[in-house]
Amino acid sequence: MITRLILPVGQGAFYVEKFQNRKNIVYDCGSIGNEKKIEELIEKCFERNKVIEAIFISHLDEDHMNGVGKLLEKCKVKRICFPLITEEMKQVLKIKIMIEEAIGNSYSDFIKEFIENPELAIKKIKEDMEIELIEILPNDEQDIVEENNKKIDSEDTKNKKIKRIKKKSGEDIAEEIEGLEHSCNENKWKLIPYNFKQETRINEFEKKLEKEFGKKISLKEVEKIWKENEDNREKIKKVYESLKGDLNTNSMTLFSGVREVGKQMQYDSSYVKVGCLYTGDYEAKGKNKWKTLEEAYTEYWKWIGLIQVPHHGSSLNCNDALISKKAVYFLSAGEKNT
């Protein structure tokens with residue numbers, strides 16, 4: 001038996017799966033402007049030193065991970081799965097945080113440190129923590145960049161307790177977790193992450209910067225230009241605020257469930273399949289986006305009975321195909337969201 005908790009965090013996401021054999025899985029843990037609520041919910045959900053087999057972070061935004069540090073402090077977390085942090089991704093996230101903080105929003109030190117160096121961010125919370133950091137490769141870039149390989153290999157030798165691992169999108173993380181199963185089904189539980197690159201907003205940002213400044217500006221130059229004068233900062237803020245959606249680099253989805261095959265089971269019309277698709281801020285807008293998602297999970301699609309509406313239900317990120325499937329849909333949104 002499994003209990004799924006869709007927790008009321010407002011503008012954010014915090015989903016917990018509790019298995020009958022005391023195994024725990026978390027998908028995202030964050031909220032904007034509701035940090036106390038996150039802490040209260042963590043207190044209610046988990047006893048001190050409770051084991052969490054895996055935390056899956058859809059992407060490195062405040063509203064999806066500002067509670068992760070608290071989970072690491074309170075619980076024994078065995079592994080964290082998150083989208084591979086490339087140098088380009090790091091650059092985009094630094095720009096985003098720089099602008100967001102200039103317009104009055106804040107990012108925790110833990111998130112900034114995690115983006116820069118996940119291993120050091122973990123060590124600041126617990127020096128002797130044993131944990132696996134599993135980076136999921138983008139779905140269309142399954143080859144590992146040699147430079148990134150060397151960087152992580154050198155970090156591995158510094159601290160044997162923190163293991164840096166890369167896995168391809170579509171690999172089953174549940175294979176590493178002993179005893180993760182659904183008591184009503186003879187098939188093994190699956191945890192299938194997919195890291196989807198989201199370049200639409202980045203391309204839009206670069207084009208609008210070029211129009212605003214009258215010349216092509218690379219992402220590497222943005223920080224330098226920002227620091228030069230107030231006029232440049234106002235121009236960059238203007239461009240950023242005109243974007244149709246967030247400047248997200250990647251979003252990692254997750255199928256959590258079983259393929260209900262093997263037994264001949266009879267279901268009535270009210271039966272909801274146990275498989276759940278968590279979508280984070282997956283960019284679903286556009287003709288082919290939902291098709292891309294469905295193709296990624298072809299092997300599991302018919303076993304999905306619950307679906308998280310992506311990006312807090314934003315109209316900028318939805319798709320009519322979202323409601324084409326018989327499923328229970330849920331979303332997390334702030335009270336004042338439009």
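Just so you know, these numbers come straight off a predicted model, no measurement behind them.

Q: How would you summarise helix 9 (residues 219-228) if you had to cite specific residues and measurements?
A: If you check which residues of helix 9 are buried, you get Leu219, Val222, Ile225 and Trp226. On an axial view of helix 9, the arc spanned by its buried residues comes to 105°, and they lie on one face. Exposed residues on helix 9 whose side chains face more than 90 degrees from its buried face are Lys220, Lys224 and Lys227. If you follow the buried residues of helix 9, they end up packed against helix 4 (87-102), helix 8 (200-213) and helix 10 (230-241).

Q: Explain the pattern of salt bridges to me, and be specific about the residues and the numbers.
A: Close approach of charged atoms allows side chains of opposite charge to pair. Under the definition given, this model contains 27 salt bridges. Here lysine 90 and glutamate 87 are joined by a salt bridge, their closest N and O atoms 3.8 Å apart. With a gap of 3 residues between them, lysine 90 and glutamate 87 both fall in helix 4, about one helical turn apart. A salt bridge links lysine 235 to aspartate 231; its shortest N-O distance comes to 3.9 Å. Here aspartate 231 and lysine 235 lie together in helix 10, a separation of 4 residues that amounts to about one turn. The exposure class assigned to lysine 235 is partly exposed, which follows from its relative accessible area of 24%.

Conventions and cut-offs
- Residues numbered from 1 in each chain as written.
- Predicted model: local features only at pLDDT ≥ 70, side-chain atom pairs only at ≥ 80, totals over all residues.
- Heavy atoms only, no water.
- Buried < 20%, exposed > 50% of the residue type's maximum accessible area, 1.4 Å probe, protein only.
- Helix = DSSP H or I, 4+ residues; strand = E, 2+ residues; numbered from the N terminus.
- Arc of directions from axis to C-beta.
- Contact = heavy atoms within 4.5 Å.
- Salt bridge = Lys/Arg side-chain N within 4 Å of Asp/Glu carboxyl O.

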